[in-house]
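Chain residues, written in single-letter form:
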Amino acid sequence: MTTSTEAGIASLVTRLATAVGARRPLRAIGAANAVAAKVAVETGFDALWVSGLEVSTALGLPDENVLGPRDLADTVLALTRTAALPVIVDIDNAGGTPAAARRFAGDLTSAGAAALCLEDSAYPKVNSFALHRSQALADIETVTEQIAAMRDAVGTGVALIARTEALICGASVTEAVRRAEAYAACGADAVLIHSKDPTGQQALATAAAWPGAVPLVTVPTAFAHLSPGELGTAGFALAIYANQLSRAALAAMRSVAASFQTTGSFTAGGTPLSDVADLLQIADPTARACL
């Protein structure tokens, strides 16, 4: 089996810096299991994203600070067994304290994570796209203390991405950039200014306003019409496609299950199914199947 630990951790920060100069962002895809990791390798993605939403959903849990570091570490271990790609882990607000952030950093680095993404939401977090409750921001001082604790715990062994939810909470681009600059100044290797503006104009405005001290990351869930090329031209070094594979899998499972209920067959109507051997080969590339 391959591992992303050595190759991923050592090179990710350098690759982000190179991506800025090349105006070609690295592309990370959300992967909640080894099956998704295998697909990511086959289709040429540059990194894997362990999404708090995807992992929570896979475990039947709300995306509200319910996951602990061991839940995420188990996912990281499954991915690094399968794919020689750097694994970036969404740790939400890491429990809202420096002590909790230190533990997240230590456990996930030991599991093989190449990067950790800490957001500045107040504890308990609310998913950025949720309508039932409003997101709130943590104090900048708390977040900078968390970043310092994480850096102290892992040294240079992992890349730290600081994510601000300022725009999600209705703040201005100026305020979002101010927060991101504070996080970069205290040791973040890259910053993510999250936006859910469906036009993409808000994200492009943040890229134009970013002074470029460290690489800029984006999650184009709300503005999927902007291509990687357009995002790279704007100045983003990394584009994270956070949950598309889970959404595609959900749609496909519903389709094939509904087709079976109608036809009594899982193969009627041209329903696409992978071979059993495909599943066996996720964990054992030499495996064969009789079907």
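The notes below deal with the structure included here.

Cut-offs and rules
Every chain is numbered on its own, with residues counted from 1 as its sequence reads. With pLDDT at 70 or above as the cut-off, local features in this predicted model cover only qualifying residues; side-chain atom pairs require 80 or more to be listed or tallied, and sums for whole chains, interfaces and linings still use all residues. The side-chain values count all of the structure's non-hydrogen atoms but skip hydrogen atoms and water molecules. Residues belong to one nonpolar core when they are buried, are Ala, Val, Leu, Ile, Met, Phe, Trp, Tyr or Cys, and are joined through side-chain atoms within 4.5 Å. Think of it in three bands: residues with accessible area under 20% of the maximum for their type are buried, residues over 50% are exposed, and the middle band is partly exposed, with areas taken using a 1.4 Å probe on protein chains only. Residue contacts are defined here by distance: any two heavy atoms, one from each residue, within 4.5 Å place the two residues in contact. Helix and strand assignments follow DSSP, with helices taken as H or I runs no shorter than four residues and strands as E runs no shorter than two, numbered in order from the N terminus. Two strands form a pair only when DSSP identifies at least two bridges running between them. Seen with the strands pointing away from the viewer, any crossover whose path from the first strand over the helix to the second strand runs clockwise is right-handed. All axes are obtained by fitting lines to C-alpha atoms, using only the stretch in contact for helices, and the reported angles, taken between N-to-C directions, cover 0 to 180 degrees. Our angle categories are set so that under 35 degrees counts as roughly parallel, over 145 as roughly antiparallel, 65 to 115 as roughly perpendicular, and the remainder as oblique. We call a crossing left-handed when the near helix sits turned anticlockwise from the far one by less than a right angle, and right-handed when that turn is clockwise. Note on residue categories: nonpolar means Ala, Val, Leu, Ile, Met, Phe, Trp, Tyr, Cys or Pro, charged means Asp, Glu, Lys or Arg, and polar means any other residue, Gly included.

Once that is clear, we can look at the nonpolar core. One recurring pattern in soluble globular proteins: nonpolar side chains tend to sit buried together. With 57 residues, the main nonpolar core has Leu48, Leu72, Val89, Ile91, Leu108, Leu116 and Trp210 as its most contacted residues. Among all residues touching Leu48, those that are not within four sequence positions of it are Ile29, Ala31, Ala37, Ala40, Leu79, Ala83, Leu85, Pro86, Val87 and Ile88. Listed in part, the 21 residues of the second largest apolar core include Ala159, Ile161, Leu238 and Ala242.

Counted residue by residue, strand β8 (residues 236-241) has six buried out of six residues, so it is predominantly covered. Looking at chain direction, strand β1 (residues 26-30) and β8 are connected through four bridges and run parallel. Opposite Ile29, over in β8, you have Tyr241 as the bridge partner. Note: strand β7 (residues 216-218) against β8, three bridges, orientation parallel. Bridge pairing links Thr218 to Ala239 in β8. Read as a crossover between parallel neighbours, the route from β7 over helix α9 (residues 228-234) to β8 is right-handed.

To continue, consider the packing of helix α2 (residues 34-42) against helix α4 (residues 69-82). Where α2 contacts α4, the two axes come as close as 9 Å, and the packing angle between them is 40 degrees. Between α2 and α4, the interaxial angle falls into the category oblique. Judged by the sense of rotation from one axis to the other, the crossing of α2 with α4 is right-handed. Residue-level contacts link Ala34, Ala37 and Lys38 of α2 to Ala78, Leu79 and Thr82 of α4. A class-by-class count of the residues in the contact of α2 with α4 yields four nonpolar, one polar and one charged.

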